[in-house]
Amino acid sequence: MPSIVAPWMVKRELVARSEAETDPDFGHKPEERPYPDLVKFGVVNVDKPPGPSSHEVAAWVRRILNLKQTGHGGTLEA
Amino acid sequence: MTGVLPVALEDATKVVQALLGAGKEYVCVMKIHSEMPESRVKEVLGEFQGKIYQRPPARASVKRRVRTRKIYYLDVLEIDGRNALFKIGCEAGTYIRKLCHDVGEVLGCGAHMQELRRTRAGPFTEAEKSVTLHDVLYLHDRWQEAGDENLLRRFVLPMETALGLLPRIYVRDSAVDALCHGAHLTAPGVTSLDTGIGSRSMVAVFTLKGEAVTLGRAAASTEEILKMNHGIVARNERVLMPRGTYPKLWRSRQQPETKVRFSFSSFVKD
């Protein structure tokens, strides 16, 4: 049996150090970010088709969404 | 090769750093070069769990020296004649094509990778909000026509998703802008944190609203941080939030009372 635990199996728990409140006037909850920040600080979980390279897929997403920059997390190549 | 490929947009490209080093999961079809008893194939594949040694293939973007990689699990799903289907959870930088080749060497008859699909990259899986390029094109077009932001939210996930596997540290509003200017995180700013942080662990620093502020390197463990009253808790490695998102609530170091000014004339004798 593998003795090493996959990072996605690790269970973590939050522990409090001190109490504090956040000012609703600044920032947004990530899931409530308004456009264009929603895109500017966004990630797309693409199901890569066979054929094009990871780099090309990232470039297509950039073109479709009319962006200046995209980057992919981990090349998925032959 | 197909499967999970997280694409970060604009300012979020900074989070790919956290994804490149993250573990991956693949489903792979391996072709064995001659008939082998099923039990033998299972046995050999089983040996490739835990720590393995691997020499990167000739066409690799890294130096070709033998290195160790962790294989978290390797589950054989089906063996049909010379084809073996398995699911593998592995450390970043594991070459599956090479692994198949090496399995063939151990079997003695040779084997190669026939097909590969990535089912996980760090916190991203194919089951959760995975979209095809067609979906991206279609939903983006519909959003441009209808203007409903929720159409974008159907496929654009917050960059925080990419940090899902990192231990978290939450900080108070007053600490945020200093961090955005590159300051290291000190103990008074911390409101809560995850268990299991070790000194030197990579950590993600969040606001109380859950927005990512920085990526950092912990300078102390969870237990130590809980007891600390002052001092650096995490060194800043990457700022993710733009400056000025939160108000500047920190004081600059006091300027000296009288500035010493040199001028050319002061050196010239009358």
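Details of the structure are given in the entry above.
The model shown is predicted, which means the values in this text are computed figures rather than measured ones. (Residues numbered from 1 in each chain as written. Chains lettered and ligands numbered in written order. Predicted model: local features only at pLDDT ≥ 70, side-chain atom pairs only at ≥ 80, totals over all residues. Heavy atoms only, no water.)

(A) Representation of the overall build of chain A. For chain A, the count of helices and strands is two helices and three strands. The C-alpha radius of gyration computed for chain A amounts to 19 Å, which surpasses the reference 12 Å derived for 78 residues by more than 25%, pointing to a less compact arrangement than a globule. Based on the C-alpha atoms only, the size of chain A along its principal axes is roughly 50 × 50 × 15 Å. Residues counted as buried form 38% of the 78 residues belonging to chain A. Entry remark: accessible area of chain A is about 4800 Å², with carbon and sulfur atoms responsible for 51%. Considering chain A, the positive charge centre built from 10 side chains and the negative charge centre built from 11 side chains are found 8 Å apart. (Helix = DSSP H or I, 4+ residues; strand = E, 2+ residues; numbered from the N terminus. Rg over C-alpha atoms; globule rule 2.2 N^0.38 Å. Buried < 20%, exposed > 50% of the residue type's maximum accessible area, 1.4 Å probe, protein only. Areas by Shrake-Rupley, 256 points an atom, 1.4 Å probe, with all protein chains shown as cover. Lys, Arg positive; Asp, Glu negative; His and termini not counted. Charge placed at Lys NZ, Arg CZ, Asp CG, Glu CD.)

(B) Main features of the packing of helix α2 (residues 54-64) of chain A against helix α4 (residues 133-146) of chain B. Where α2(A) meets α4(B), the closest approach of the two axes is 10 Å, and the angle between their N-to-C directions is 10°. Classified by the angle between their axes, α2(A) and α4(B) sit roughly parallel to one another. Judged by residue contacts, A:Val57, A:Trp60, A:Val61 and A:Ile64 of α2(A) engage B:Leu133, B:Val136, B:Leu137 and B:His140 from α4(B). (Axes fitted to C-alpha atoms, helices over the stretch in contact; angles between N-to-C directions. Parallel < 35°, antiparallel > 145°, perpendicular 65-115°, else oblique. Contact = heavy atoms within 4.5 Å.)

(C) Representation of the nonpolar core. Residues and elements named next belong to chain B. In terms of nonpolar packing, the biggest core is built from 47 residues, with Leu-9, Met-30, Phe-86, Ile-88, Ile-96, Leu-99 and Phe-155 touching the most fellow members. If you tally residues by element for this core, the top one is helix α3 (residues 96-107), at five residues. Those residues within four positions of Ile-96 in sequence are excluded, and the remaining contacts are Tyr-26, Cys-28, Ile-88, Cys-90, Met-113 and Leu-116. Grouped together as the second largest cluster of nonpolar side chains are 23 residues, Ala-8, Ala-12, Val-16 and Ala-204 included. (Core = buried A, V, L, I, M, F, W, Y, C linked by side-chain atoms within 4.5 Å.)

(D) Spotlight on the sheet that holds strand β10 (residues 185-186) of chain B. The seven strands are arranged β1(A)-β11(B)-β9(B)-β12(B)-β13(B)-β14(B)-β10(B) in an open sheet whose pairing can be described as mixed. The open sheet has two edge strands with one neighbour each: β1 (14-16) of chain A together with β10 of chain B. Alignment of strand β9 (residues 168-171) of chain B against strand β11 (residues 190-194) of chain B, held across three bridges, turns out to be antiparallel. By the bridge assignment for β11(B), B:Ile169 is matched with B:Leu193. (Pairing = 2+ DSSP bridges.)

(E) Region of the structure containing the side chain of B:Thr119. The residue B:Thr119 is located in strand β6 (residues 111-121) in this model. At 2.6 Å, the side chain of B:Thr119 forms a polar contact with the side chain of B:Glu25. (Polar contact = N/O pair within 3.5 Å; in protein donor to acceptor, adjacent residues only side chain to side chain.)

(F) Inspection of the interface of chain B and chain A at higher detail. Contacts between chain B and chain A engage 86 residues on the former and 62 residues on the latter. Here chain B packs against chain A, burying approximately 6600 Å² in sum over the two surfaces, 62% of which is carbon and sulfur. A per-residue breakdown of the area chain B buries against chain A is headed by B:Leu5, B:Glu10 and B:Leu133, which together make up 12% of the total. At the boundary of chain B with chain A, the tally comes to two salt bridges. Among the salt bridges present, the one from B:Glu160 reaches A:Arg33, with a minimum N-O distance of 2.7 Å. At the surface where chain B touches chain A, the tally comes to 41 residue pairs in polar contact (both at pLDDT 80 or more). Sorting elements by how many residues they give to the side of chain B that touches chain A places strand β1 (residues 2-9) of chain B first, with eight residues. Split by residue class, the side of chain B that touches chain A holds 45 nonpolar, 20 polar and 21 charged. Judged from the three bridges that link them, strand β3 (residues 70-72) of chain A and β1(B) form a sheet pairing that is antiparallel. Residue pairing in the sheet places A:Gly71 in a bridge with B:Ala8 of β1(B). (Buried area = accessible area lost by both parts, 1.4 Å probe. Salt bridge = Lys/Arg side-chain N within 4 Å of Asp/Glu carboxyl O. Nonpolar A, V, L, I, M, F, W, Y, C, P; charged D, E, K, R; others polar.)

(G) Representation of the pattern of salt bridges within the structure. Residue and element names in this part refer to chain B. A full pass over the atoms with the stated rule returns ten salt bridges over all chains. Note that Glu-35 is salt-bridged to Arg-82, the shortest N-O span being 3.3 Å. Pair noted here: Glu-35 is in the loop between β2 (24-32) and α2 (38-47) and Arg-82 is in the loop between β4 (67-80) and β5 (83-90), with a separation of 47 residues, a long-range link. According to the relative accessible area criterion, Glu-35 is exposed, its value standing at 55%.

(H) Quick peek at α2(B). Residues and elements named next belong to chain B. For α2, the set of buried residues is Val-41, Val-44 and Leu-45. Down the axis of α2, the sector holding all buried residues measures 100°, keeping them to one side. On its buried face, α2 sits against β2, β4, β5 and α3. (Arc of directions from axis to C-beta.)

(I) Structural view of the pairing of β1(B). Residues and elements named next belong to chain B. Judged by how many residues are buried, β1 sits mostly within the fold: eight of eight residues are covered. Summarising the sheet, β1 and β6 pair through two bridges and their orientation is parallel. Residue pairing across strands places Thr-2 opposite Arg-117, the latter belonging to β6.

(J) Just unusual backbone geometry, in detail. Look at the link from A:Tyr35 to A:Pro36: it is a cis peptide, with omega at 5°. Relative to the helices and strands, A:Pro36 resides in the loop between β1 and α1 (37-40). A positive phi angle, near 40°, is found at B:Glu10, a position not held by glycine. In this fold, B:Glu10 is placed in the loop between β1 and α1 (16-20). A relative accessible area of 16% means that B:Glu10 is categorised as buried. Here B:Lys129, not a glycine, exhibits a phi torsion of approximately 50°, which is positive. Positionally, B:Lys129 belongs in the loop between β7 (124-125) and α4.

Remember, this is a structural readout, not a statement about activity or role.
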